[in-house]
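Each chain is listed here by its residues.
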Amino acid sequence: MSFLEKIIQYDKELLVFINGMGSENWDGFWLLITNQLSWIPLYLLFFYLIFNALGWKKGLGLLLLTALLVTFSDQFTVFIKNYFERLRPNRDPSINEVIRILKNNSSFSFVSGHATTSTAVTLMMHLTLKKYYKYTVLFFIWPILFSYSRMYLGVHFPLDVTMGALLGLLIGYVFYKLSLKLLNWIEKKY
């Protein structure tokens with residue numbers, strides 16, 4: 001067995017363990033957590049904090065850049081998924097009989113778009129807003145819960161969400177650096 005095959009086997013075993021800890025009592029909660037619309041209050045909080053800290057011109061600029069970040073992150077993860085073509089756990093015949101499946105996604109698994117995009121947005125918001133507000137590090141609760149929900153539901157492996165989160169940190173940092181240039185340009189222009 002090659003090193004990569006061993007990693008994939010451990011990844012599957014870890015998913016079976018994580019997913020197996022689930023119970024019907026918690027299924028509704030994790031289905032709610034994984035739904036992007038459930039996080040609208042958090043998005044509204046981000047809007048409020050951005051406009052409160054930066055004003056409407058810089059705030060609008062940052063929101064537009066954040067929309068670009070989300071679009072880039074989403075499309076880049078789709079590209080990676082289609083390149084690697086790793087089956088989702090719920091579609092993988094080697095384990096789909098032994099895990100609890102609560103969602104039935106059919107796209108590919110590696111990397112998790114939920115983990116990538118939520119981590120990228122969170123890092124950008126944290127780095128941008130930490131000088132204005134205490135406790136912005138708590139924003140990271142969102143991608144942690146979001147990512148865990150994907151394993152709980154049986155639609156992502158631990159490696160998918162871990163690599164997605166690492167990719168999200170990279171994307172979030174790059175877009176944060178771009179935001180500094182954008183906010184500086186807006187300040188000089190207006």
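Residues numbered from 1 in each chain as written. Predicted model: local features only at pLDDT ≥ 70, side-chain atom pairs only at ≥ 80, totals over all residues. Heavy atoms only, no water.

Student: With reference to specific residues and values, describe the nonpolar core.
Tutor: Counting 34 residues, the largest nonpolar core has F46, I50, L69, M124, M125, L129 and W142 as its most contacted members. Judged by nonpolar contacts, the second largest core, of 8 residues, contains I18, I95, A115 and M151. (Core = buried A, V, L, I, M, F, W, Y, C linked by side-chain atoms within 4.5 Å. Buried < 20%, exposed > 50% of the residue type's maximum accessible area, 1.4 Å probe, protein only.)

Student: So what's going on with the layout of surface pockets? Residues and values would help.
Tutor: Here the largest pocket is characterised by a volume of approximately 540 Å³. Taken together, 27 residues line the largest pocket, and the ones lying closest to its centre are Q36, Y43, V70, T117 and W142. Looking at the lining of the largest pocket, the elements with two or more residues in it are α3 (40-84), α4 (113-129) and α5 (141-152). Here the element with the most residues in the lining of the largest pocket is α3; it accounts for 13 residues. Counted by class, the lining of the largest pocket contains 13 nonpolar, 10 polar and 4 charged residues. Of the pockets and cavities examined, the second largest pocket occupies roughly 170 Å³. Forming the walls of the second largest pocket are L4, I7, I8, F84, R86, F110 and L159. Ranked by residue count, the leading element in the lining of the second largest pocket is helix α1 (residues 3-20), at 3 residues. Split by residue class, the lining of the second largest pocket holds 6 nonpolar, no polar and 1 charged. (1 Å grid on protein atoms, 1.4 Å probe; cavity = no way out; pocket = protein on both sides within 12 Å on 5 of 7 lines; lining within 4 Å. Points joined across faces, edges and corners; volume = space filled by probe spheres on them. Helix = DSSP H or I, 4+ residues; strand = E, 2+ residues; numbered from the N terminus. Nonpolar A, V, L, I, M, F, W, Y, C, P; charged D, E, K, R; others polar.)

Student: Which residues make up the packing of aromatic side chains, and what values go with them?
Tutor: For the structure on display, the rule yields 16 aromatic pairs. Relative to W30, the ring of F29 has its centre 4.9 Å away and its plane inclined at 80°; by these criteria the two rings are edge-to-face. In this structure F29 comes out as partly exposed when scored by relative accessible area, which is 35%. Between F72 and F76, the ring centres sit 5.5 Å apart and the planes meet at 10°, which makes this aromatic pair stacked. Of this pair, F72 and F76 both sit in helix α3, separated by 4 residues, roughly a single helical turn. Grouping aromatic residues by their ring pairs yields a cluster made of W39, Y43, F46, F139, W142 and F146. Over the ring of F157 we find R86, and its NZ or CZ is 3.9 Å from the ring centre. (Phe/Tyr/Trp six-rings, centres within 6.5 Å; stacked < 30°, edge-to-face > 60°. Lys NZ or Arg CZ within 6 Å of the ring centre and 35° of its normal.)

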